[in-house]
Amino acid sequence: MASSGFCSLGPTVTSLFSSHALARWRSSSMSPPPLRISRALSAATTVPISSSFTWDDVIETGREEYTPQNSSDLTGFLEKVNRCNRGSEKLREFIPFVIEEQIVGYIHKGFTEYLREFHDIFTFSHNGSCPDRVDGFVTLNLMLEKPEDRTRAVADVIKILGDKGIIPGIRNELYPVKPSFNAPVFFSLERAAAPYFGIKGYGVHMNGYVERDGQKFLWIGKRSLSKSTYPGMLDHLVAGGLPHGISCGENLEKECEEEAGISKAIAYRAIAVGAVSYMDIDQYCFKRDVLFCYDLELPEDFVPKNQDGEVESFKLIPVAQVANVIRKTSFFKANCSLVIIDFLFRHGFIRPESSGYLDLYGRLRNKDCS
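Since the structure is predicted, the reported quantities are computational estimates derived from the model, not experimental observations. (Residues numbered from 1 in each chain as written. Predicted model: local features only at pLDDT ≥ 70, side-chain atom pairs only at ≥ 80, totals over all residues. Heavy atoms only, no water.)

J.: Which residues make up the side chain of serine 337, and what values go with them?
T.: In this fold, serine 337 is placed in helix 12 (residues 334–346). Residue serine 337 is classed as buried on the basis of its relative accessible area, which comes to 3%. Discounting residues that sit within four places of it in the chain, serine 337 has contacts with Lys80, Ile326 and Phe332. (Helix = DSSP H or I, 4+ residues; strand = E, 2+ residues; numbered from the N terminus. Buried < 20%, exposed > 50% of the residue type's maximum accessible area, 1.4 Å probe, protein only. Contact = heavy atoms within 4.5 Å.)

J.: Residue-level account of the confidence of the model for the chain, with values.
T.: Summing up the model confidence of the chain, the mean pLDDT is 85 and the portion of residues at 70 or higher is 82%. Model confidence for the chain, summarised as mean pLDDT per element, is weakest for helix 3 (residues 34–45) at 35 and strongest for helix 8 (residues 194–197) at 98. In this model residues 1–21 is a low-confidence stretch, pLDDT under 50, and it forms 28 contacts with partners more than four residues away in sequence or in other chains. Contacts of residues 23–49 to residues separated by more than four positions or lying in other chains number 56 contacts, the stretch itself having pLDDT below 50. (pLDDT = per-residue confidence, 0-100.)

J.: Kindly report on the packing of helix 11 (residues 319–328) against helix 12, identifying the contributing residues and their values.
T.: Packing of helix 11 against helix 12 brings their axes to within 11 Å, and their N-to-C directions diverge by 135 degrees. Between helix 11 and helix 12, the angle falls in the class oblique. Read as a crossing pair, helix 11 and helix 12 show a hand that is left-handed. The segment helix 11 lies against helix 12, with Val319, Val322, Ala323 and Ile326 engaging Ser337, Ile340, Ile341, Phe343 and Leu344. (Axes fitted to C-alpha atoms, helices over the stretch in contact; angles between N-to-C directions. Parallel < 35°, antiparallel > 145°, perpendicular 65-115°, else oblique. Left-handed = near helix turned anticlockwise from the far one by under 90°.)

J.: So what's going on with the pairing of strand 7 (residues 200–212)? Residues and values would help.
T.: In terms of residue burial, strand 7 counts as a mostly covered element, since 11 of its 13 residues are buried. Relative to strand 12 (residues 285–297), strand 7 runs parallel, the two sharing 10 bridges. For asparagine 207, the partnering residue across the bridge sits in strand 12 and is aspartate 295. Examined bridge by bridge, strand 7 and strand 10 (residues 238–241) share four bridges and lie antiparallel to one another. Along strand 10, the bridge assignment pairs methionine 206 with valine 238. Examined bridge by bridge, strand 7 and strand 8 (residues 215–223) share four bridges and lie antiparallel to one another. Within strand 8, the position partnered with valine 210 by the bridge is phenylalanine 217. Taken together, strand 7 and the strand that follows it, strand 8, pair antiparallel across an intervening segment of two residues, in which aspartate 213 is found at a positive phi of about 50 degrees. (Pairing = 2+ DSSP bridges.)

J.: How would you summarise the environment of glycine 105 if you had to cite specific residues and measurements?
T.: Note on placement: glycine 105 falls in strand 2 (residues 102–108). Of the residues examined, glycine 105 reaches a relative accessible area of 0% and is grouped as buried. Residues glycine 105 and tyrosine 196, 91 residues apart in the sequence, show an inter-C-alpha distance of 9.1 Å. Contact partners of glycine 105, with chain neighbours within four places excluded, come to Ile95, Pro96, Phe97, Phe197, Gly198, Ile199 and Arg288.

J.: How would you explain the environment of tyrosine 268 if you had to name every residue and give the values?
T.: Along the chain, tyrosine 268 turns up in the loop between helix 10 (264–267) and strand 11 (271–282). Judged by its relative accessible area of 67%, tyrosine 268 is exposed. Along the sequence, tyrosine 268 and glycine 249 sit 19 residues apart, while their C-alpha atoms lie 8.3 Å from each other.

J.: Which residues make up empty space enclosed by the protein, and what values go with them?
T.: Throughout the structure, instances matching the rule amount to one cavity of 30 Å³ or more. Of the pockets and cavities examined, the largest cavity occupies roughly 30 Å³. Mapped onto the lining of the largest cavity, the elements with two or more residues apiece are strand 11 and strand 12. Of the residues that constitute the lining of the largest cavity, the class distribution is three nonpolar, two polar and four charged. (1 Å grid on protein atoms, 1.4 Å probe; cavity = no way out; pocket = protein on both sides within 12 Å on 5 of 7 lines; lining within 4 Å. Points joined across faces, edges and corners; volume = space filled by probe spheres on them. Nonpolar A, V, L, I, M, F, W, Y, C, P; charged D, E, K, R; others polar.)

J.: How would you summarise the pairing of strand 12 if you had to cite specific residues and measurements?
T.: Burial runs high along strand 12: 11 of the 13 residues are buried. Both strand 11 and strand 12 contribute to a ladder of 11 bridges, which runs antiparallel. Within the sheet, the bridge partner assigned to methionine 279 lies in strand 12 and is arginine 288. Remark: two residues form the turn of the hairpin made by strand 11 and strand 12, two consecutive strands paired antiparallel; glutamine 283 in that turn has positive phi of roughly 60 degrees.

J.: Give me the lowdown on the pattern of salt bridges, citing residues and values where you can.
T.: If you walk through the whole model with that rule in mind, you get 16 salt bridges. A salt bridge links aspartate 289 to lysine 287; its shortest N-O distance comes to 3.2 Å. What makes aspartate 289 buried here is its relative accessible area of 12%. Note that aspartate 359 is salt-bridged to arginine 363, the shortest N-O span being 3.0 Å. Taken together, the residues span about one helical turn, with aspartate 359 and arginine 363 both in helix 13 (residues 357–363) at a distance of four residues. Residue classification places aspartate 359 among the partly exposed residues on the basis of a relative accessible area of 36%. One salt-bridge network, in which partners are shared between bridges, spans Asp295, Asp342, Arg346 and Arg365. (Salt bridge = Lys/Arg side-chain N within 4 Å of Asp/Glu carboxyl O.)

Structural data, given as structure tokens:
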């Protein structure tokens, strides 16, 4: 990046940090309030269930016959959708994060206590200029005019909060910060910090399936036990967050190769089939995610081979059995269940005759899907 980005600011951001809040936070004698750290940590590290199950457990759970005719009970599916949409009653605990007069996220009032320490970077407004909010909003210092300036300034803050254990699991991967998918990027933010700022996150999720003698099978992955998030749980054949500076199609091709050894020639045949979305509040974290869904019909003799160490193993399982596993267990990473439920709708495994059909379908896409 060009060094001229900070010239118009007078003192550089680094010198501002050194003379103000960052120097104080780097001091070993300064510690954040214990209660706040505890709540922040628990929000980011909670895993929904134990992942100590085997493929035999998965297969045994799925054996019960599942057909569109006898599967009218959608309760288990609704529970999985609700699991990704918790905490709506806590919305008033958050205030908007505003850039260039547009809301790009929501920050918990408790978490703002950490940000107030960095008053050269974050500004708190109570002038009522943010619509429909009486509690004000958070924004960035107006001296940070360019996206690269904002990215570097906020990155230094995130590093300090990460070192203090307030934002755990730093991944050194940047997510774009913008009010909607096709809007300009205001700056980029560390992926692990995204839920703490309530920004919209986007991802690509692909169902890889095989058809044999009129029956459909899904390739399912079991996440590596070394994964920092949801270790050992079930996952799609291919899925990944959408970082800054890469298109959905490019990211899907990259993830196909890394996670399942799928060549570009085959990955190119993946079909974009829509999106699911959810909003989940857990303590200080507010996840507002949109998952772009893809289907890829694979050759019958295809066998996935993980390349990046993030997947322990794969199994090819009849779709009807996968449906049972989702209905009856929490073996799947929570948001993956939503993408597979969408697949079940589109491939006729969930039919309009089922009670709650439209309710379930509608809940797969919340009003904030943009």
